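# Structural features, examined
Residue-level listing of the chains:
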Amino acid sequence: IRAFRGHGWSLERSGRLAPMVIGDFPISQQRPALNLLIERAQRAADDAPLLLGTAKELLESTSRYVLELTGIQARDNADFDELVYLARDRLSLLPQQAPPGSTEESLREVYDGLWKVARHINALRNAEGTGHGRNRLPATDERAARSMVRASAVLAGLMLDTADALYGERHAET
């Protein structure tokens, strides 16, 4: 089974061979609810609408996790933008919060770029993802949708790594 992983494929015990969408998250980042999202994305490698929905849900769920961890109660009706903003703010991952120094401008650009990607993943999910009763085929193909999941995993991983560094890995459930 490991031989396939090195080439970007996953062989499940059932015998199903599928492309790995996200890859392996380090054990320190595995939270039970987030693991379900990752597993769902792995199983849906050829389902663009489901991948787009999962990419957005991973970011939204990670943001709620971070807010709960940091003692912030998000409004029940908080939208995607608000949740991701608040989580990044609590973790000092907003562009204006980049630490001063020789890499400050580059970090600002990276933080801003990750947010732009997240915002557009949300827009794609709203336009073509699951959950809105579509009556047409998506324009986004599976390759692009898999890339959206990977991109969401980059920001989710940064938020979880930062939360672990600030609040300790004791909060990370395996």
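Residues numbered from 1 in each chain as written. Predicted model: local features only at pLDDT ≥ 70, side-chain atom pairs only at ≥ 80, totals over all residues. Heavy atoms only, no water.

## Describing the overall build of the chain
Counting its regular elements, the chain contains six helices and two strands. Among the 174 residues that make up the chain, the fraction classed as buried is 43%. A fraction of 59% describes how many contacts in the chain between residues 6 or more apart in sequence connect residues 24 or more apart. In the form shown here, the chain has an accessible surface area of approximately 9,600 Å², with 51% of it arising from carbon and sulfur atoms. (Helix = DSSP H or I, 4+ residues; strand = E, 2+ residues; numbered from the N terminus. Buried < 20%, exposed > 50% of the residue type's maximum accessible area, 1.4 Å probe, protein only. Contact = heavy atoms within 4.5 Å. Areas by Shrake-Rupley, 256 points an atom, 1.4 Å probe, with all protein chains shown as cover.)

## Thoughts on the side chain of serine 152
Relative to the helices and strands, serine 152 is located in helix 6 (residues 142-167). Classification of serine 152 by relative accessible area gives buried; the value is 0%. Within the structure, serine 152 has its side chain in polar contact with the backbone oxygen of valine 149 (distance 2.8 Å). Apart from the residues within four sequence positions on either side, serine 152 is in contact with Ala55, Leu58, Leu59 and Ile121. (Polar contact = N/O pair within 3.5 Å; in protein donor to acceptor, adjacent residues only side chain to side chain.)

## With respect to the environment of alanine 127
Assignment of secondary structure puts alanine 127 in helix 5 (residues 104-128). The class of alanine 127 is partly exposed, set by a relative accessible area of 35%. Spatially, the C-alpha atom of alanine 127 lies 9.4 Å from that of proline 49, the residues being 78 residues apart in sequence. If sequence neighbours within four positions are ignored, alanine 127 has contacts with Arg134 and Arg136.

## Points about unusual backbone geometry
Its identity as a non-glycine residue notwithstanding, serine 92 has a phi of 55 degrees, on the positive side. Here serine 92 shows up in the loop between helix 4 (80-90) and helix 5. Residue class for serine 92 comes out partly exposed when judged on its relative accessible area of 37%.

## Re the packing of aromatic side chains
Tallied over the full model, the rule gives one aromatic pair. Ring centres of phenylalanine 80 and tryptophan 115 lie 6.5 Å apart, and the angle between their planes is 20 degrees; on these two criteria the pair is classed as stacked. In this pair, phenylalanine 80 sits in helix 4 while tryptophan 115 sits in helix 5, placing the two residues 35 residues apart along the sequence. Tryptophan 115 matches phenylalanine 80 in its accessibility class, with the two residues each being buried. (Phe/Tyr/Trp six-rings, centres within 6.5 Å; stacked < 30°, edge-to-face > 60°.)

## Some details on the nonpolar core
The biggest cluster of nonpolar side chains holds 26 residues, and the ones touching the most others in it are Leu58, Leu59, Phe80, Leu91, Ala118, Leu155 and Met159. For this core, the elements supplying multiple residues, two or more each, are helix 2 (32-43), helix 3 (48-69), helix 4, helix 5 and helix 6. Looking at this core element by element, the count peaks at six residues for helix 6. With sequence-adjacent residues up to four places away left out, leucine 155 is seen in contact with Leu59, Val84, Arg88, Leu114 and Ala118. Of all hydrophobic cores here, the second largest spans nine residues; its members include Ala41, Ala48, Leu51 and Val149. (Core = buried A, V, L, I, M, F, W, Y, C linked by side-chain atoms within 4.5 Å.)

## Side note on helix 4
Among all positions in helix 4, only Phe80, Leu83, Val84, Ala87 and Arg88 are buried. Down the axis, helix 4 shows its buried residues gathered within 125 degrees of arc, on one side only. Buried residues belonging to helix 4 abut helix 3, helix 5 and helix 6. Positive backbone phi, approximately 55 degrees, marks serine 92, located one or two places after helix 4. (Arc of directions from axis to C-beta.)

## Some remarks on the pattern of salt bridges
For the structure on display, the rule yields six salt bridges. Salt-bridge contacts for glutamate 82 lead to arginine 75; the nearest nitrogen and oxygen are separated by 2.4 Å. Overall, the relative accessible area of 42% leaves arginine 75 in the partly exposed class. Taking the shortest distance from any N to any O, the salt bridge between arginine 108 and glutamate 104 comes out at 2.5 Å. Of this pair, arginine 108 and glutamate 104 both sit in helix 5, four residues apart, roughly one helical turn. (Salt bridge = Lys/Arg side-chain N within 4 Å of Asp/Glu carboxyl O.)

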